[in-house]
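Secondary and tertiary structure notes
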Amino acid sequence: MFLHLGADTVIPLRNVIAIFDFKIINSAITNQYINSIKANNKIVDISDNNAKSFIITNENIYFSAISSHTLKKRAGYIPVADEE
């Protein structure tokens, strides 16, 4: 299955690790994590500078203009690796 993140971007659902509300970016530990990922050029911003959520995958972090609540509903059940 796939998850549509907006802006014509679709990723395999099995690669999704977590979906977060963008408001937590102000947390010190989250901000530090995001900055370390930015340093490795692993941020994909598809939000047109209007991010409402960020999605952590095996390879990148995506900034999306779609709310985390909507993305979680789209994803439905995300299986744990041991359950696949």
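Placed above this text is the structure.
Since we're looking at a predicted model, the values are computed, not measured.

1. Looking at the sheet that holds strand 6 (residues 61-64)
- What the 4 strands build is an open sheet, ordered 3-5-6-4; its pairing is mixed. Edge strands, defined here as strands with exactly one partner in the open sheet, are strand 3 (16-21) and strand 4 (43-45). Averaged over all adjacent pairs, the angle separating strand axes in this sheet is 20°, with direction ignored.
- Note that strand 4 and strand 6 share 3 bridges and pair parallel. Opposite D45, over in strand 6, you have F63 as the bridge partner.
- Where helix 2 (residues 68-75) meets the sheet, its contacts fall on strand 3, strand 5 (53-57) and strand 6, and the angle it forms with strand 3 comes to roughly 150°.

2. Quick notes on the nonpolar core
- Ranked by size, the top nonpolar core spans 12 residues in total: L3, L5, I11, L13, V16, I19, I46, I55, Y62, I66, L71 and A75.
- Secondary-structure elements contributing two or more residues to this core are strand 1 (2-6), strand 3 and helix 2.
- Every residue in contact with L5, bar those within four places of it in the chain, is listed here: I11, I46, I55, Y62, S64, I66 and L71.
- Grouped together as the second largest cluster of nonpolar side chains are 7 residues, I25, I37, I56 and I61 included.

3. Observations regarding unusual backbone geometry
- In this structure, A7 is a non-glycine residue whose phi angle is positive, near 50°.
- Summarising the element assignment, A7 is placed in the loop between strand 1 and strand 2 (9-12).
- For A7, a relative accessible area of 53% corresponds to the exposed category.
- Its identity as a non-glycine residue notwithstanding, N41 has a phi of 55°, on the positive side.
- Within the fold, N41 resides in the loop between helix 1 (28-39) and strand 4.

What counts, and at which threshold
Residues numbered from 1 in each chain as written. Predicted model: local features only at pLDDT ≥ 70, side-chain atom pairs only at ≥ 80, totals over all residues. Heavy atoms only, no water. Pairing = 2+ DSSP bridges. Helix = DSSP H or I, 4+ residues; strand = E, 2+ residues; numbered from the N terminus. Axes fitted to C-alpha atoms, helices over the stretch in contact; angles between N-to-C directions. Contact = heavy atoms within 4.5 Å. Core = buried A, V, L, I, M, F, W, Y, C linked by side-chain atoms within 4.5 Å. Buried < 20%, exposed > 50% of the residue type's maximum accessible area, 1.4 Å probe, protein only.

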